[in-house]
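Each chain, written out:
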Amino acid sequence: MYKITLVPGDGIGPEITAVTRECINNLGLPITWDLQDAGELAIKKYGTPIPEALFDSIRKNKVCLKGPITTPIGKGYRSINVSLRKSLNLYVCLRPFKSYPGVRSKYQNIDLVVVRENTEDLYSGIEFEKGRKDTLELINFVKKIKGVKIPVDSGISIKPISTAASERIVRFAFEYCKKNRRKKVTAVHKANIMKFSDGIFLEAARKISQSYPEIEYEERIVDNMCMQLIQKPEKYDLLVMPNLYGDIISDLCAGLVGGLGMAAGSNIGEDIAIFEPTHGSAPKYRGKNKVNPSAMILAAVLMLEYLGEVEVSRKLEKALAEVIKEGKFVTYDLKEEGDPSVVGTEEMGEAIIEKFKTT
Ligand code: NAD
């Protein structure tokens, strides 16, 4: 029996979560759901977007399927997702990007995996606000020890990158390659400019790669990587990189496979993992039974795989892929603009369930 923390989240989250849960419930696995609030609902109920009850539930159940959560802007809240990843030490962000025939995209046959370091880099939250006393002190300190004048009207974000965290993420990337019979790891960096932060990452990647002689290893500078992915994505397999580049390259790869509606990801630690769609809470579509549930369903596919339920996960992925390929019961984003035959989130979910019941 699996007990899984389920977070419907904000905006379109509850709709895509309900459909995904229904799909999983029809797969015949012994799963019970531990429903938890986060985001706007949690702020109303508990005065915080991530209540302790959510952390307790995830720590106890170890596996969480999570809908998108709205980050309140300018109200002093840090991103809930960043906080969850950091507090639970979910150091890996793993995002596969695959083309599904039937999805409108300029590219076909994409099959890439992005492994993003999740705990440090510019996401460490070490921020110095313009004009504050500590910021001015830091500016003076830098002038004193480095002789560099930072304009006093600057804000500053600190980018720490450690050897331990870099080696850990690169090792994960190679192990994932080995387990999933992938052939090549590309380390992405900007060590030519940031010698003492990205340089550490690159050094770690080179060192760890030597323990995996059977897997090809290469390096790309991040700006070149962006161009290469647009020009010849078929040349790449698994890409591993620090946090910020991972964020940007992931969206680029989502673009290659037809947008954020088709991309899911997992945040993985030593013994805890959270699975989620890559897109946000799309508040304008909330309650409209309109959006594509695929990314949330693909998050469930990743979760089932992580749980070792590989056959069931393939079954769910195949049913989703067939519904998309047939193009009959799909949401607005998977049809030509203005096509009157689009269906809603729920109807697409029903078609997926029907598909794996009949095949
Ligand atoms: P978004 O991804 O929510 O929406 C952008 C646009 O993408 C939508 O207006 C819609 O046109 C389209 N879209 C998104 N998901 C779709 C789906 N499933 N089917 C069809 N179309 C879809 O991005 P945003 O508007 O920048 O962010 C809204 C909120 O979500 C913000 O508060 C942001 O912080 C939050 N967010 C949360 C997460 C997360 O919880 N993991 C991730 C990204 C953004």
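As a starting point, this report considers the structure included with it. Per chain, residue numbering runs from 1 following the sequence as it is written. For a predicted model such as this one, the threshold for reporting local features is a pLDDT of at least 70, and the threshold for listing and counting side-chain atom pairs is 80 or more; totals across whole chains, interfaces and linings nevertheless cover every residue. As a convention, hydrogens and water are excluded, and side-chain values are obtained from all of the structure's heavy atoms.

On to the side chain of Arg-182, then. Helix and strand assignments follow DSSP, with helices taken as H or I runs no shorter than four residues and strands as E runs no shorter than two, numbered in order from the N terminus. You can see Arg-182 is positioned in the loop between helix H6 (163–179) and strand E8 (184–189). Beyond its immediate chain neighbours, meaning those up to four positions away, Arg-182 contacts Asp-111, Val-113, Tyr-176, Cys-177 and Asp-237. Note on contacts: a residue pair qualifies if any of its non-hydrogen atoms lie within 4.5 Å across the two residues.

Before going further, it helps to spend a moment on empty space enclosed by the protein. Both cavities and pockets are sets of points on a 1 Å grid over the protein atoms alone; in a cavity a 1.4 Å probe fits but cannot get out, in a pocket the set is open with protein on both sides within 12 Å along at least five of seven lines, and lining residues sit with an atom within 4 Å of a point. Grid points are joined across faces, edges and corners, and a volume is the space filled by probe spheres set on the points. Within the structure shown, the criterion is met by 3 cavities of 30 Å³ or more. Of the pockets and cavities examined, the largest cavity occupies roughly 50 Å³. Taken together, Val-82, Arg-85, Lys-86, Arg-116, Asn-118, Thr-119, Glu-120, Tyr-123 and Asn-243 form the lining of the largest cavity. Residue contributions to the lining of the largest cavity peak at 3 residues, all from helix H4 (residues 80–87).

Moving on, we come to the side chain of Ser-209. Tracing the sequence through the fold places Ser-209 in helix H7 (residues 198–209). Within the structure, Ser-209 has its side chain in polar contact with the backbone oxygen of Arg-206 (distance 2.7 Å). For Ser-209, the contacting residues outside a window of four places in its chain are Phe-174 and Tyr-217. Polar contacts, as counted here, are pairs of nitrogen or oxygen atoms within 3.5 Å of one another; within protein the pair requires one atom able to donate a hydrogen and one able to accept it, and residues that are adjacent in sequence qualify only if both atoms are side-chain atoms.

Another aspect to go through is the pairing of strand E1 (residues 2–7). For E1 and strand E2 (residues 31–35), the ladder comprises 5 bridges, and the chain directions are parallel. Within E2, the residue paired with Ile-4 across the bridge is Trp-33. When DSSP finds at least two bridges between two strands, those strands are taken to pair.

A contiguous patch of negative charge on the surface is contributed by Glu-22, Glu-346, Glu-347 and Glu-350. The dominant element in the negative patch, judged by the number of residues it contributes, is helix H12 (residues 345–358), at 3 residues. Among the structural elements, Glu-350 can be located in helix H12. Patches in this entry comprise residues that are over 30% relatively accessible and not in a salt bridge; like charges within 9 Å are linked, as are nonpolar side chains (Val, Leu, Ile, Met, Phe, Trp, Tyr) within 5 Å. Exposure was quantified through the Shrake-Rupley algorithm and a 1.4 Å probe, taking into account, for residues, occlusion by the shown protein chains and nothing else. Salt bridge, as applied in this entry: a Lys or Arg side-chain nitrogen positioned within 4 Å of an Asp or Glu carboxyl oxygen. Positive residues here are Lys and Arg, negative ones are Asp and Glu, while His and the chain termini are left out of the count. Throughout, a charge is located at the NZ atom of Lys, the CZ atom of Arg, the CG atom of Asp or the CD atom of Glu.

With respect to spatial proximity, 20 residues lie near the ligand, and among them Ile-69, Gly-280, Ala-282, Asn-292 and Tyr-332 are the closest. Between an oxygen atom of the ligand and a main-chain N or O atom of Ser-281, the distance comes to 3.0 Å. For the ligand, whose accessible area on its own is 820 Å², the fraction buried by protein is 68%. Of the residues in the shell around the ligand, the class split is 8 nonpolar, 8 polar and 4 charged. The criterion for a residue being near a molecule or strand is simple. One of its heavy atoms has to lie within 4 Å of it. Asp, Glu, Lys and Arg are counted as charged, while Ala, Val, Leu, Ile, Met, Phe, Trp, Tyr, Cys and Pro are counted as nonpolar; the rest, among them Gly, fall into the polar class.

In the Ramachandran plot, Lys-62 falls in the positive-phi region, its phi being about 75° despite a non-glycine side chain. Looking at the secondary structure, you find Lys-62 in the loop between helix H3 (52–61) and strand E3 (63–66). For Asn-109, which is not glycine, the phi torsion reads 55° and is therefore positive. For Asn-109, the position within the fold is in the loop between strand E4 (92–98) and strand E5 (111–117).

Limitation: the analysis is restricted to geometry and does not speak to function.
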